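Coordinate inspection notes
As a plain string of letters, each chain reads:
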Amino acid sequence: MQKSKLIYILHRIGAIELKELGDFLNSPFFNKQEDVKRLYQYLYNLAPHFKEEKLDRHVVFEALFPNEPFVQARFYALSHTLLKLVEEYLGLKWSQKNAFPLDYCIAEACYERNFEKNYKEKKTKVQKKLQNQQYKNINYYNQMYLLSDLSNRQYLKKNLREQDTSLKDASDYFDLYFLGKKLIYACEILARNTTLSGDIEIGLMDVLSAHLEKNEYLDVPSVAIYRAIFFMLTKPDGDLYFNQFKALLDHRIGEIDFKELTSIFQHGVNFCVLQIRQGRTPYHEEALDFYLRGVDTKVLLPEGKMSPWDFKNIIRLGLNLKRYDFTENFIQTYSEKLPAQFQTDALNFNLAELYYYKGDWDKTIDFLNNVRFSDMTYAIGTRVLLCKIYFERDEDVVLKSMIAAFKIFLKRDKKIITDLKKTYFNLLKF
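Residues numbered from 1 in each chain as written. Predicted model: local features only at pLDDT ≥ 70, side-chain atom pairs only at ≥ 80, totals over all residues. Heavy atoms only, no water.

A look at the side chain of Lys 182
Within the secondary structure, Lys 182 sits in helix H9 (residues 166–195). Although Lys 182 is buried, it makes no salt bridge; Glu 201 carries the closest opposite charge, 10 Å away. Among the polar contacts listed, one links the side chain of Lys 182 to the backbone oxygen of Gly 203, at a separation of 3.0 Å. Beyond its immediate chain neighbours, meaning those up to four positions away, Lys 182 contacts Ile 202, Gly 203, Leu 204 and Leu 208. (Helix = DSSP H or I, 4+ residues; strand = E, 2+ residues; numbered from the N terminus. Buried < 20%, exposed > 50% of the residue type's maximum accessible area, 1.4 Å probe, protein only. Lys, Arg positive; Asp, Glu negative; His and termini not counted. Salt bridge = Lys/Arg side-chain N within 4 Å of Asp/Glu carboxyl O. Polar contact = N/O pair within 3.5 Å; in protein donor to acceptor, adjacent residues only side chain to side chain. Contact = heavy atoms within 4.5 Å.)

Let's talk about the environment of Lys 429
With respect to the helices, strands and loops of the structure, Lys 429 is situated in helix H21 (residues 418–429). With relative accessibility at 73%, the residue Lys 429 sits in the exposed group.

With respect to the environment of Lys 358
Inspection of the secondary structure assignment puts Lys 358 in the loop between helix H17 (340–357) and helix H18 (361–368). Separated by 36 residues in sequence, Lys 358 and Asp 394 have C-alpha atoms that sit 18 Å apart. Ignoring anything within four residues of it in the chain, the contact list for Lys 358 reads Tyr 324 and Glu 328.

A word on the environment of Thr 81
Along the chain, Thr 81 turns up in helix H5 (residues 72–97). Distance in space between the C-alpha atoms of Thr 81 and Tyr 291 is 47 Å, their sequence separation being 210 residues. If sequence neighbours within four positions are ignored, Thr 81 has contacts with Gln 33 and Val 36.

Structure representation (structure tokens):
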């Protein structure tokens, strides 16, 4: 039972939610099976460690049904029922945290039962909440479409002969939701096609492109920004749309929610990286600017933490631009924002790389000696830097020894992907 989906979930939710889950299971509206309650209580008493020996199915069954023979089908049916109820609880928690689904379902239920007064009150309340939202993201247009569609169905049910805008509203909001989602998917496909093997086709590509040529959607920030991303990835004059993209971001950033911003910033960075690979050096500055805007707006610091790879990319850009004081300050300031297991290695390795760029090889080696290889990147990067230093110093004996050891390391480690191994074998051959 240790590896079951049920234990996986229970092991990962907090003490408060475990107690709430018990209250949920004890409600006769959701669960009338006493055996399910007893199974949950047994598991609740094992939290938070859930020791393996206590989770043996025979041990659990004996605790629930003393002196009864073990029946596998009965045990699995009980576990399955509890799992489904736990998932139902999680769904209910999600709907409570995200007000729209529950409020909309109440309005829909009142419509179905002809509780007209309640329906109108709930629908008006939901509509006001949506209209007062700070962020009009793509999902907002889906929610407005659902409400408008519900209003149109109510209009048809009453069979009124009067003007009503709900049908047009539903159609317009659906268009914006569809267009926004289509653009998000199209931009993601275009980005993947530049980094991964294969060529994913985009449906309705010509139709989408032709429509966007005629419509800028400047009054819909998310659609306007993704339109600019789409064209900067597909047009020969991508620079023009990149500048448009930056201008839109400058003026409309306050209208876009955090989740969408994360994806939008990543597209900006990826475009810059693509240009850098084509030898367009001004995009080093553009990429660094995008990264730093992501830091300033906290987009690159979800829950106050930074990705080790964003951290490393910012430093590499700073080094390529020879902005050494900025880079050292960034390393010292933001290494503390990394996940705890990476902080020490990130600090030492990146300071080592900084001093390598500055030509201080003794300090480089001092910092490399403190790297403990918390990730494969640091293990490989340390070896590469040492090879470079020994080469620069003409220390041929040490260099040959280092190269031989590096080759053995690459051959033995199964976690390093083949293409990456090939890159480093080519470096060592050179």
